Amino acid sequence: MKQFRYRGVLLLLSVLLALMTGLMLYASSIKLNPPLTNATIDYAAFTPDSQHIIYRIKYRDDKSAAIYRVPVMGGESVQLSTRDLDTWFTKPSQFIASISPDGAYVLYRSNQDEAEVLELFSVPTNGVVSDSVKLNSNLVTGGNVAQDNFTYVQISPTSDRAAYIADQEIDEKNELYSVPIAGPASAGVKLNAPLLLEEDVTKFQFTPDGQYVVYLVESGSVDTIYAVPSAGPATAAVNLTAALGIGGNLSNFKITPDSKNLLFSRVESSSGSTNLYKTPLSGATDPVMVTTRTIYKYDISPDGNFVVFSSLPSDRFIPELYRVPFATSPVGEIKLNHDMVADGMVLQFAITPDSSRVVYHASDTASQTFGLFVASLDGLDPIIKLNDFPIVSWGTY
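Residues numbered from 1 in each chain as written. Predicted model: local features only at pLDDT ≥ 70, side-chain atom pairs only at ≥ 80, totals over all residues. Heavy atoms only, no water.

A.B. asks: Got a minute to help me understand unusual backbone geometry in this structure?
C.D. replies: Backbone phi values are negative for most residues with the exception of glycine, while trans is the configuration of most peptide bonds. Here the amide bond leading from G232 into P233 is cis, since omega sits at 5°, within 30 degrees of zero. One non-glycine residue with positive phi stands out, namely S50, at about 65°. Within the fold, S50 resides in the loop between β1 (39–46) and β2 (52–59). The partly exposed category is assigned to S50, whose relative accessible area is 41%. In this structure, K63 takes a positive phi of about 60° despite not being glycine. (Helix = DSSP H or I, 4+ residues; strand = E, 2+ residues; numbered from the N terminus. Buried < 20%, exposed > 50% of the residue type's maximum accessible area, 1.4 Å probe, protein only.)

Encoded structure:
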């Protein structure tokens, strides 16, 4: 009887302790937003210095939204954007107000000037609504900024410029533009080389040093990757894939950490295989293959020294994991994963921040029983299994 009594007391004490902890946390929490009526907060992000939070209120009555700033320790919320209707505000996973890396500016898309036109604006993080500046030049009738995807707007790593895709001059013709993040719109420049009738800019990325923009032009017959100075002019754009000719789909590329080289995959129309290439951003030499294998996924180590990729055999989906030094590729390639069971495969992988190892998710004791493993990029250390139970999936990809 005493044993049950002691257990009851311990259980009661644990419940009281949890309750007191919850009350203490509640008492120490700070409500940051103003009172809301028929409205919700659907996005929030810290500024880089962690001193403020940028958040968005979505108003249900008219489906409008506005962006605000508030100190992390509480205080008055300051409205940064006008309260306007933007269909992207109803899709938080697609529209995210961008904060510059230095924390000085917030970029957002709005129809605050014309009801049927979505345009790009910036506002100082420590400013107010009246400080906002439109960044795009006048749009053709029917034109919009970032019509299809908000990745069509990016801030340079140096925080001084914004680049965006818009059908600014010709309706439904997506082109690439760059403008100082503080404006004015008149200082903006077009970055892409002249496009053919069926061509559009579909993807772009700043180099890590912010000096160049790499962009992809897609059409029905040939895809092309260019590099251009981030401040233009478009006449300085270099075609990086011209030597490969037509007959391939270029849907993915990565820039090396030193901002000097490009990795890109190309699906060959003739064979359907996916090849991996490297080329200097200067365009000084033609692209060369990083591996003779058909690749599935790939990445660059943070120090830029290695390319890690999963490769597929020609007859079935059983990818395995390899690495090759970037400088000497395709020479120096080695397999990283453990010996697989029949039909075993590597599903996903991630390189550690110090560029010394790769963690990968792969078949374990059977083709459909998966584990988590770690291998050294130099291939010298033994492979280590990290889990004692089956891992079905993870959230890296």
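From this point, things continue past the structure.
A.B. asks: Can you help me understand the packing of aromatic side chains in this one?
C.D. replies: For any two aromatic rings, the description comes down to two numbers: the centre-to-centre distance and the angle of the planes. This model, assessed by the stated rule, comprises seven aromatic pairs. Pairing Y55 with Y68 gives two aromatic rings, centres 5.6 Å apart and planes at 20°, and the pair type is stacked. Highlighted residues: Y55 in strand β2 and Y68 in strand β3 (residues 64–71), separated in sequence by 13 residues. Like Y68, Y55 is buried. Lying across the ring of Y298, K254 places its NZ or CZ 5.7 Å from the centre. Here the guanidinium or amino end of K278 rests over the ring plane of F326, the centre of that ring lying 5.1 Å away. (Phe/Tyr/Trp six-rings, centres within 6.5 Å; stacked < 30°, edge-to-face > 60°. Lys NZ or Arg CZ within 6 Å of the ring centre and 35° of its normal.)

A.B. asks: When you look at the sheet that holds strand β9 (residues 133–134) in this model, what are you seeing that I'm missing?
C.D. replies: Across a sheet, paired strands are connected by hydrogen bonds in the backbone, their directions being either parallel or antiparallel. One open sheet accounts for four strands, arranged β6-β7-β8-β9; its pairing is antiparallel. Only two strands of the sheet have a single neighbouring strand rather than two, namely β6 (98–99) and β9. (Pairing = 2+ DSSP bridges.)

A.B. asks: Help me understand the environment of T256, please; the structure alone is not making it clear to me.
C.D. replies: Considering the arrangement of structural elements, one finds T256 in the loop between β18 (248–255) and β19 (261–268). For T256, a relative accessible area of 3% puts it in the buried group. For the pair T256 and T207, spaced 49 residues apart in sequence, the C-alpha to C-alpha distance is 8.2 Å. For T256, the contacting residues outside a window of four places in its chain are P208, N261, I300 and F326. Among the polar contacts made by the side chain of T256, one reaches the side chain of D258 at a distance of 2.7 Å. (Contact = heavy atoms within 4.5 Å. Polar contact = N/O pair within 3.5 Å; in protein donor to acceptor, adjacent residues only side chain to side chain.)

A.B. asks: Explain the side chain of N144 to me, please; I cannot follow it from the model alone.
C.D. replies: Mapped onto the secondary structure, N144 falls in the loop between β9 and β10 (153–155). Within the local environment of N144, its side chain forms a polar contact with the backbone oxygen of G142, the two atoms lying 3.4 Å apart. Beyond its immediate sequence surroundings of up to four residues, N144 is in contact with E116, V117, L118, L139, A166 and D167.

In short, geometric facts, not functional conclusions.
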